[in-house]
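Understanding the architecture of this molecule
What follows is the residue order along each chain.
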Amino acid sequence: MKQVDITAFDHEWARFESWLSAHSPADRAALRGPADPERIAGLESRLGFALHPEMRRLLELHDGAALPVAEPGSFPLPAGAFLPLGHRLSGLDDIVIMHDILVDVGENNIEADLWEDEALAVNLHLCVPIALPNDGGVAFVDHRPGPSYGHVYEMGIGSGDLDGTLWATGPAALFRVLADSLETGSPFLYYRPSTYEHESGRHCVQWEIET
C-alpha cells in the first residue's frame, strides 16, 4: 500500500469546507458531526478490510451529509448535494446499504463472465461508497491493493455504466481539485461550479455539465 499523508487530506478538506462556509452555508450546514469511532470500526469489520486512511479521516470529521425531506424529482436538489452530479457525502448507514448493493452487482458480473478479473465491475466488493446522488449512481473509493488503491471513481450503475469514471487518485486529491474549481470557477472534468439561490435566500452549489 502507498503511504498516505493525512495532513494533506486535512488541508484540502479544510479548503473545501471553508469555501462552503463562506459561499454556500446551507451546504456546509448539511454536514453531520463526526461518526462514532466504534461504528467506524464496525464498518471495517463488516467490510473485512481497513478503510483507506483518508476516507476514515473524512468519517471522523463528518458522518456524511444529511438529506432533507424533499419532493421526489424536485429541483434544485436540497442543500448538501454539493458534489458533481448532485452527489452528497455518504454516512455510515448509507455506506453499508450501498456497499451491499455493490457486492450484489459485482457478483452478478462475475456470473455473467463478461469482465476480466482486474476490472472494477467484478471487484465492487472492494469499493467503498463515499457519495451518492439521487439516482442510481455512486462515487466510491477503490480499496483494491495495487496502483489504483485509494482512487475515487464515479459509476452510473443505474444507467448501466460499469466502467466508471476516474474522479481523482484519492480523497485528498478529489477535494483539492474541487476546491481549486470552486475558488477559480474553472471546470472539474466537464462540470463547472456555480451557486443558485433558494427562495429562502440560501445559496447552494450546483455543477453544470459543459457542452
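Here is a short report on the structure shown in this document. (Residues numbered from 1 in each chain as written. Predicted model: local features only at pLDDT ≥ 70, side-chain atom pairs only at ≥ 80, totals over all residues. Heavy atoms only, no water.)

Examining the pattern of salt bridges
Two side chains of opposite charge can pair, provided their charged atoms sit close to one another. Just so we agree on the cut-off: For this analysis, a salt bridge means a side-chain nitrogen from Lys or Arg found within 4 Å of a carboxyl oxygen belonging to Asp or Glu. Runs of H or I in DSSP of at least four residues are treated as helices and runs of E of at least two as strands, each being numbered from the N terminus. Between buried and exposed lies partly exposed: a residue is buried under 20% and exposed over 50% of the maximum accessible area for its type, with that area taken using a 1.4 Å probe on protein chains only.
Per the counting criterion, the structure on display carries 12 salt bridges. With a closest N to O distance of 2.7 Å, R15 and D180 form a salt bridge. In this pair, R15 is assigned in helix α1 (residues 6-23) and D180 in helix α6 (residues 171-184), connecting sequence segments 165 residues apart. Its relative accessible area of 17% is what places R15 among the buried residues. With a relative accessible area of 33%, D180 lands in the partly exposed category. Here R144 and D142 are joined by a salt bridge, their closest N and O atoms 2.7 Å apart. With a relative accessible area of 12%, R144 lands in the buried category.

Concerning the sheet that holds strand β4 (residues 152-155)
Defined as follows: Think of it this way: DSSP has to see at least two bridges between two strands before they count as a pair. Any pair of residues with heavy atoms lying within 4.5 Å of one another is described as a contacting pair. Note on definitions: angles span 0 to 180 degrees between N-to-C directions of axes, and those axes are lines fitted to C-alpha atoms, for helices only across the stretch in contact.
Taking strand neighbours across the sheet as the criterion, the five strands line up as β1-β2-β3-β4-β5 in an open arrangement whose pairing is antiparallel. Of all strands in the sheet, those bounded by a partner on one side alone are β1 (88-89) and β5 (165-168). As defined by bridge partners, strand β3 (residues 138-142) adjoins β4 across four bridges and the pair is classed as antiparallel. The residue of β4 that forms the bridge with A139 is E154. The sheet contacts of helix α4 (residues 53-61) involve β1, β2 (127-132) and β3, and relative to β2 the element is tilted by about 40 degrees. The sheet strands contacting α6 are β1, β2, β3, β4 and β5, and the helix crosses β5 at an angle near 80 degrees.

Focus on the packing of aromatic side chains
Here is the rule we go by: Aromatic rings from Phe, Tyr and Trp, taking only the six-membered ring of Trp, are treated as a pair when their centres fall within 6.5 Å; an angle between ring planes under 30 degrees marks them as stacked, one over 60 as edge-to-face, and anything in between as tilted.
In this structure the tally under the stated criterion is 10 aromatic pairs. Taking 6.2 Å as the distance between ring centres and 75 degrees as the angle between the ring planes, the aromatic pair formed by F9 and F175 counts as edge-to-face. Placement of the pair is F9 in helix α1 and F175 in helix α6, with a sequence separation of 166 residues. An identical accessibility class is assigned to F9 and F175; each is buried. Ring geometry for F188 against W207: centres 6.4 Å apart, planes inclined by 75 degrees, an arrangement best described as edge-to-face.

Some points on the packing of α1 against α6
Each packed pair of helices is defined by two parameters, the angle between the axes and the distance between the axes. Stated formally: The hand of a helix crossing depends on one turn: near helix anticlockwise from the far one by less than a right angle means left-handed, and clockwise means right-handed. Residues are sorted three ways: Asp, Glu, Lys and Arg are charged, Ala, Val, Leu, Ile, Met, Phe, Trp, Tyr, Cys and Pro are nonpolar, and all the rest, Gly among them, are polar.
Between α1 and α6, whose axes approach to 8 Å, the crossing angle comes to 35 degrees. Once α1 is placed against α6, the crossing between them reads as left-handed. Packed against α1, whose contacting residues are A8, F9, E12, W13, R15, F16 and W19, the element α6 presents P171, A172, F175, R176, L178, A179, D180, L182 and E183 at the interface. Residue composition of the contact of α1 with α6, by class: 11 nonpolar, no polar and five charged.

Section: α1
Condition: What a helix should span is 1.5 Å times the count of its residues minus one.
In this model α1 runs 26 Å from its N-terminal to its C-terminal C-alpha over 18 residues, within 8% of the 26 Å that 1.5 Å per residue would give. Those residues of α1 that sit buried are F9, E12, W13, R15, F16, E17, W19 and L20.

Remember, this is a structural readout, not a statement about activity or role.
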